[in-house]
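A look at the structure
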Amino acid sequence: MSLFTRIEVQRLLRALIDGKISVIEPKFDIGHGFSYPVVVDVTGASDEVLEPILNELSSLDILTSTVVDNIAVCPTCGSYKLMMQMRCPKCGMPNLQRGTMIEHLTCGHLDMEENFGEGELLTCPKCGKSLRAIGVDYRRLSMMYRCLSCKGISPDPRKHYICENGHSFDEEDLVIKEIRSYRFNPAKRGLIEKELVDFKPIVDRFKKIWNYKTPAILIGQTGAEHEFSFAMWEKGKTDGRRPEIVANLSTNEKAVGVTDVLAFQAKAADVGAREKILMVMPKLDEKGKLLASSYGIQVSEAKTASELQEKTIEILKQTATKRDKKTLESEAKKLEKLLEEIRK
Ligand SMILES: [Zn+2]
Ligand SMILES: [Zn+2]
Ligand SMILES: [Zn+2]
């Protein structure tokens, strides 16, 4: 499932499993609209990227969702930054007057309140009679609109909208978007754990040979900070800086390409790592493979988390064997030298 190979999804699922996030609440601010700051923080992705991910996770029942609000948006571009304009529903003109109106029930005349005179005594401007009691011979209607162009009267003017990108539309076309809050569904914990790539069980198998950090944030020779999925140092033979092995996970919906290989090579070179392992999900494209092998990067390629674990462990085993051979060779050379000196 390509959804789970995405780095944002992996980070979000990890936070859910670890209990760092349990409820995902939307926050509103006028500059950005609705946003999910906890998820943005934990994934490093933008709300535009996260919205479809949250929807997909809730359609898989990994998250349960509830509608907590709604927001009116432009039908063309989805912007919530709208300007509303009132129009006369009869003639469409914008020249509207808003106020309280009085209807004289005796003669049927409907007019703005101020036209019935000031003070206690109200007089109908049409028939000239004094009004007696509210509810008996007249009634009051608040929030009425009168069009000064066609003299039409309405309680409900037509609303017209223009969005920040200049799209203009009427109320019928306004899109009402649901705003949801999400909650982790604990029943899906097992499923998630299977899909999550966990580096600790990989590196922990080799703890007799290597010290490790996962994730590892290392400072390179350039002074830049680099994050790796894990880094390993040979036990007893380390200044604690230059790692023997660095590894990184790259994911892509279809295939990881040369950009990720280049970025990884640059980071690994900056921290002076001897062995480089690039883990990719679901696969590395052909150009990427060529480039990786020219840099001496070992590639662990897998479609699922468990397959990735197995393959990465295999690479580390080979690296350990290679390292043993090197140690033996150098020991043998030392012995030879010693023997030569003895012979002299
Ligand atoms: Zn628009
Ligand atoms: Zn009008
Ligand atoms: Zn009247």
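Note that the coordinates shown come from a computational prediction; the quantities given were computed from them, not determined experimentally.

Calculation notes
Residues numbered from 1 in each chain as written. Chains lettered and ligands numbered in written order. Predicted model: local features only at pLDDT ≥ 70, side-chain atom pairs only at ≥ 80, totals over all residues. Heavy atoms only, no water. Helix = DSSP H or I, 4+ residues; strand = E, 2+ residues; numbered from the N terminus. Rg over C-alpha atoms; globule rule 2.2 N^0.38 Å. Buried < 20%, exposed > 50% of the residue type's maximum accessible area, 1.4 Å probe, protein only. Contact = heavy atoms within 4.5 Å. Pairing = 2+ DSSP bridges. Donors = N, O, S within 2.8 Å, 3.2 Å for Na, K, Ca; no water. Tetrahedral: all angles 85-135°; square planar, octahedral: opposite > 155°, others 65-115°. Expected span 1.5 Å × (residues − 1). Arc of directions from axis to C-beta. Phe/Tyr/Trp six-rings, centres within 6.5 Å; stacked < 30°, edge-to-face > 60°. Lys NZ or Arg CZ within 6 Å of the ring centre and 35° of its normal.

For the rest of this paragraph, the subject is the overall build of the protein chain. Counting secondary structure elements, the protein chain contains eight helices and 19 strands. Over its C-alpha atoms the protein chain spans a radius of gyration of 35 Å, topping by over 25% the 20 Å that the globule rule assigns to 344 residues. In terms of its C-alpha atoms, the protein chain occupies a principal-axis envelope of roughly 140 × 40 × 35 Å. Evaluated residue by residue, the protein chain yields a buried proportion of 38% over its 344 residues. In the protein chain, once contacts between residues fewer than 6 apart in sequence are set aside, the share between residues at least 24 apart is 61%.

For the rest of this paragraph, the subject is the environment of Leu 196. Looking at the secondary structure, you find Leu 196 in the loop between helix 4 (189-195) and helix 5 (200-204). Spatially, the C-alpha atom of Leu 196 lies 25 Å from that of Ala 292, the residues being 96 residues apart in sequence. Leu 196 has contacts with Gln 10, Leu 13, Arg 14, Ile 17 and Ala 305, leaving out every residue within four places of it along the chain.

Attention now goes to the sheet that holds strand 4 (residues 63-73). Taking strand neighbours across the sheet as the criterion, the three strands line up as 1-12-4 in an open arrangement whose pairing is antiparallel. The open sheet has two edge strands with one neighbour each: strand 1 (23-24) and strand 4. The pairing of strand 4 with strand 12 (residues 175-184) spans 10 bridges and is antiparallel. Directly across from Ser 65, in strand 12, lies its bridge partner Tyr 182.

With that settled, the discussion passes to the coordination of the zinc ion (ligand 3). Protein coordination of the zinc ion (ligand 3) is provided by His 104 (ND1), Cys 107 (SG), Cys 124 (SG) and Cys 127 (SG), with donor distances spanning 2.1 to 2.3 Å. Each of the four donor atoms bound to the zinc ion (ligand 3) contributes to angles spanning 102 to 122°, and the resulting shape is tetrahedral. Cys 107 gets classed as partly exposed once you look at its relative accessible area, which sits at 29%.

What follows deals with helix 3 (residues 47-59). Over its 13 residues, helix 3 runs 18 Å from end to end, which matches the ideal 18 Å to within 8%, given 1.5 Å per residue. Along helix 3, the residues that are buried comprise Leu 50, Ile 53, Leu 54, Leu 57 and Ser 58. In an axial view of helix 3, the angular spread of the buried residues amounts to 130°, which keeps them on one side of the axis. Seen from the buried face of helix 3, the exposed residues on the opposite side, beyond 90 degrees, are Glu 48 and Ser 59. Here the buried face of helix 3 lies against helix 1 (7-17), strand 1, helix 2 (37-43), strand 4 and strand 12. One or two steps after helix 3, the chain reaches Asp 61, where phi turns positive at roughly 70°.

The subject of this paragraph is the packing of aromatic side chains. In this structure the tally under the stated criterion is seven aromatic pairs. Taking 5.0 Å as the distance between ring centres and 50° as the angle between the ring planes, the aromatic pair formed by Phe 28 and Phe 34 counts as tilted. Here Phe 199 and Phe 230 contribute two aromatic rings whose centre-to-centre distance is 6.1 Å and whose plane-to-plane angle is 55°, an arrangement assigned as tilted. Taken together, the residues span a long stretch of sequence, with Phe 199 in the loop between helix 4 and helix 5 and Phe 230 in strand 16 (residues 230-234) at a distance of 31 residues. For the pair Phe 199 and Phe 230, one class covers both residues: buried. Cluster of aromatic residues (ring-pair linked, three or more members): Phe 28, Phe 34 and Tyr 80. Lying over the aromatic face of Phe 228, Lys 267 brings its terminal NZ or CZ to 5.0 Å of the ring centre.

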